[in-house]
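A look at the structure
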Amino acid sequence: MTVQTSESYPEIREAVRRLCQDFPGEYWQALDRDRTYPTEFVNALTETGFLSVLIPEEYGGSGLGLAAANAVLEEIHRSGCNGGACHAQMYTMGTLLRHGSEEQKSEYLPKIASGELRLQAFGVTEPTSGTDTTRIRTFARREGDHYVVTGQKIWISRAEHSDLMVLLVRTEKREDVEKPSQGISVLLVDMRDAIDDGLTIRPVRTMLNHATTELFFDDLKVPATQLIGEEGKGFKYILDGMNAERVLIASECIGDGRFFIDRASEYAKDRSVFGRPIGQNQGIQFPIARAHVQLEAAAGMVDKAASLFDAGKPCGAEANMAKMLASEASWYAADMCIQTHGGFGFAEEYDIERKFRETRLYQVAPISTNLILSHVATHVLGLPKSF
Ligand SMILES: Cc1cc2nc3c(=O)[nH]c(=O)nc-3n(C[C@H](O)[C@H](O)[C@H](O)COP(=O)(O)OP(=O)(O)OC[C@H]3O[C@@H](n4cnc5c(N)ncnc54)[C@H](O)[C@@H]3O)c2cc1C
């Protein structure tokens, strides 16, 4: 197995950096103020094909692996931009790719690859179930050649900017199945037909500009042909997509961390107080150096997880560890960067307070740190399960 590193795919990295130059801090600051969607940025990424790197060539993508996708997201974040608006366009299609029928794949994947269709809404979380996914209540009952969906989801990002949604539902009640993970199914919902005809989307304003929403399903009719894979086996389908998601989010954290370290290093060299650059003081130097050390260690785990995924090997533990290490390293770097900048760290025009808010998300979503620790404790170390 060849381990791709943070230097892999230099051409992709260079091209992404060039694209990001057209979207400077002022662009993101204006969007952040109004909580609006970076349409121009997402269009530019779509046109250059960066969002379809994981789609096989036969369906119109570039058929590269996770390491290439990581390179795209890391550079976006290192440049001060934010891939959160569109990263799901890269990986949500994985459920369709791995478990969809040939008919579904040839209908949707080429259009997702070209950007004609956006599949970047992933509906899992519900207000009452939280991380305990097998307790979801959104229910799809079969009526003839349709499913009829009722229920509610929360924190479903980009739903207003997506044509399709991968939706996790129960098709059998938890109490009627042997194991809690049974009776869960995946539907590919065409949101263009659904909005105001059984689906209501309500935006949720959060501390960062993430286009996240609450969804209400009120007898939404979904054609039975939109079922992905077999009914009742959906829990397994989404779990294997989650490893890719965790590795990609981790690479965004690595990009954020590098952004903070770059900015802090520059500022510490330039800013002079008490007649010398602040970066000459070890009290300023050491936290920057520590951030770099932590980030490099995390990047090593991200590279390992991506390489295992691309080699088709099990990578659950590595994907989780990569996400945890990278999100903690980027958060440490964010805090260090604010401290290095003193008061200016809080000024909107420096972009640091915005990136600080953005990178904090990743210790909670798409999976929180405690749940990762629980996975490592029970699945890797064999400790007794606590739930
Ligand atoms: C901005 C944003 C965007 C999001 N986008 C999406 C999306 O597009 N699609 C989607 O489906 N979801 C999305 N989410 C949801 C996200 O995945 C969840 O918020 C996250 O998984 C945590 O779940 P929860 O909020 O229900 O927390 P809970 O499950 O309620 O947990 C709350 C806290 O308790 C801890 N905890 C819970 N149980 C245990 C335990 N047994 N032991 C120790 N600690 C425990 C957790 O670690 C967490 O810190 C998004 C969330 C946010 C904030």
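Cut-offs and rules
Residues numbered from 1 in each chain as written. Predicted model: local features only at pLDDT ≥ 70, side-chain atom pairs only at ≥ 80, totals over all residues. Helix = DSSP H or I, 4+ residues; strand = E, 2+ residues; numbered from the N terminus. Buried ≥ 20, exposed ≤ 12 C-beta atoms within 10 Å, placed from the backbone. Contact = placed C-beta atoms within 7 Å. Near = placed C-beta within 6 Å. Nonpolar A, V, L, I, M, F, W, Y, C, P; charged D, E, K, R; others polar. Domains from an automatic or database assignment. Axes fitted to C-alpha atoms, helices over the stretch in contact; angles between N-to-C directions. Left-handed = near helix turned anticlockwise from the far one by under 90°. Core = buried A, V, L, I, M, F, W, Y, C linked by C-beta atoms within 7 Å. Pairing = 2+ DSSP bridges. Expected span 1.5 Å × (residues − 1).

Let's talk about the overall build of the protein chain
When helices and strands are counted, the protein chain shows 13 helices and ten strands. With the C-alpha coordinates aligned to their principal axes, the bounding extent of the protein chain is approximately 80 × 50 × 40 Å. Looking at the 387 residues of the protein chain, the share that counts as buried comes to 49%. Taking the contacts inside the protein chain whose residues are at least 6 apart along the sequence as the reference set, 74% of them involve residues at least 24 apart.

Some words on the site of the ligand
Taken together, 23 residues surround the ligand, and among them V124, G130, T131, S368 and N370 come closest. Only strand 1 (119-123), strand 3 (146-157) and helix 13 (369-380) provide two or more residues apiece to the shell around the ligand. Its residues assigned to classes, the shell around the ligand shows eleven nonpolar, twelve polar and no charged. Here the shell around the ligand gathers at least three residues from each of two domains, domain 2 (119-232) and domain 3 (236-380).

Some details on the packing of helix 11 (residues 316-341) against helix 13
Running from N to C, helix 11 and helix 13 point in directions that differ by 145°, and their axes come no closer than 10 Å. In this structure, the crossing between helix 11 and helix 13 has a hand that is left-handed. The residues of helix 13 that touch helix 11, namely those facing A317, N320, M321, K323 and M324, are T369, I372, H375, V376, H379 and V380. Along the lines of polarity and charge, the residues of the contact of helix 11 with helix 13 split into six nonpolar, four polar and one charged.

What about the environment of S157?
Mapped onto the fold, S157 is located in strand 3. Residue classification places S157 among the buried residues on the basis of 24 C-beta atoms within 10 Å. Considered as a pair, S157 and E178 are 21 residues apart in the sequence and their alpha carbons are 32 Å apart. Non-local contacts of S157, meaning those with residues more than four positions away in its chain, are made with H210, A211 and T212.

Some points on the packing of helix 4 (residues 66-78) against helix 9 (residues 234-270)
At a minimum axis distance of 7 Å, the contact between helix 4 and helix 9 shows a crossing angle of 35°. Regarding helix 4 and helix 9, the two cross each other, and that crossing is right-handed. Here L66, A69, N70, L73, E74, E75, I76, H77 and R78 of helix 4 come into contact with helix 9, specifically with A244, V247, L248, S251, E252, I254, G255, D256, R258 and F259. Considering only residue class, the contact of helix 4 with helix 9 consists of nine nonpolar, four polar and six charged.

Remarks on the domain arrangement of the protein chain
Assigned domains within the protein chain: domain 1 (10-114), domain 2 (119-232) and domain 3 (236-380). A straight line from the C-alpha centre of domain 1 to that of domain 2 covers 23 Å. Contacts between the two partners involve 17 residues from domain 1, matched on the other side by 14 residues from domain 2. With four residues, the single largest contributor to the side of domain 1 that touches domain 2 is helix 6 (residues 93-99). A per-class count over the side of domain 1 that touches domain 2 returns eight nonpolar, seven polar and two charged.

Quick word on the nonpolar core
Judged by nonpolar contacts, the single largest core of 118 residues is most densely connected at V72, L187, V247, V302, A305 and A322. With 17 residues, the single largest contributor to this core is helix 9. Among residues more than four places away in sequence, those in contact with V302 are N70, V247, A250, S251, I254, A322 and A326.

What about the pairing of strand 2 (residues 139-143)?
Bridge count for strand 2 against strand 3 is five bridges, and the pairing is antiparallel. Following the sheet pairing, R142 is matched in strand 3 by Y147. With antiparallel pairing between neighbouring strands as the criterion, strand 2 and strand 3 make up a hairpin whose turn holds two residues, including G144 at a positive phi of roughly 65°.

What to know about unusual backbone geometry
Excluding glycine, residues mostly carry a negative phi; peptide bonds, for their part, are mostly trans. Across the junction of A365 and P366, the peptide omega takes the value 0°, indicating a cis bond. Residue placement: P366 occurs in the loop between helix 12 (352-360) and helix 13. A positive phi angle, near 70°, is found at D351, a position not held by glycine. Among the structural elements, D351 can be located in the loop between helix 11 and helix 12.

Structural notes on helix 4
Across its 13 residues, helix 4 extends 18 Å between first and last C-alpha, which sits within 8% of the 18 Å expected from 1.5 Å per residue. Within helix 4, 13 of the 13 residues are buried, leaving the element largely enclosed by the surrounding structure. Following helix 4 by one or two positions, G80 adopts a phi angle in the positive range, close to 95°.

Regarding helix 13
For helix 13, spanning twelve residues, the distance from its first C-alpha to its last is 15 Å, which sits close to the expected 16 Å at 1.5 Å a residue. One or two steps after helix 13, the chain reaches G382, where phi turns positive at roughly 70°.

Description of the environment of T92
With respect to the element layout, T92 can be found in the loop between helix 5 (87-91) and helix 6. Using a count of 26 C-beta atoms within 10 Å as the deciding quantity, one classes T92 as buried. The sequence separation of T92 and F122 amounts to 30 residues, and the corresponding C-alpha distance is 6.7 Å. Setting aside residues up to four positions removed in sequence, T92 forms contacts with L119, Q120, F122 and V166.

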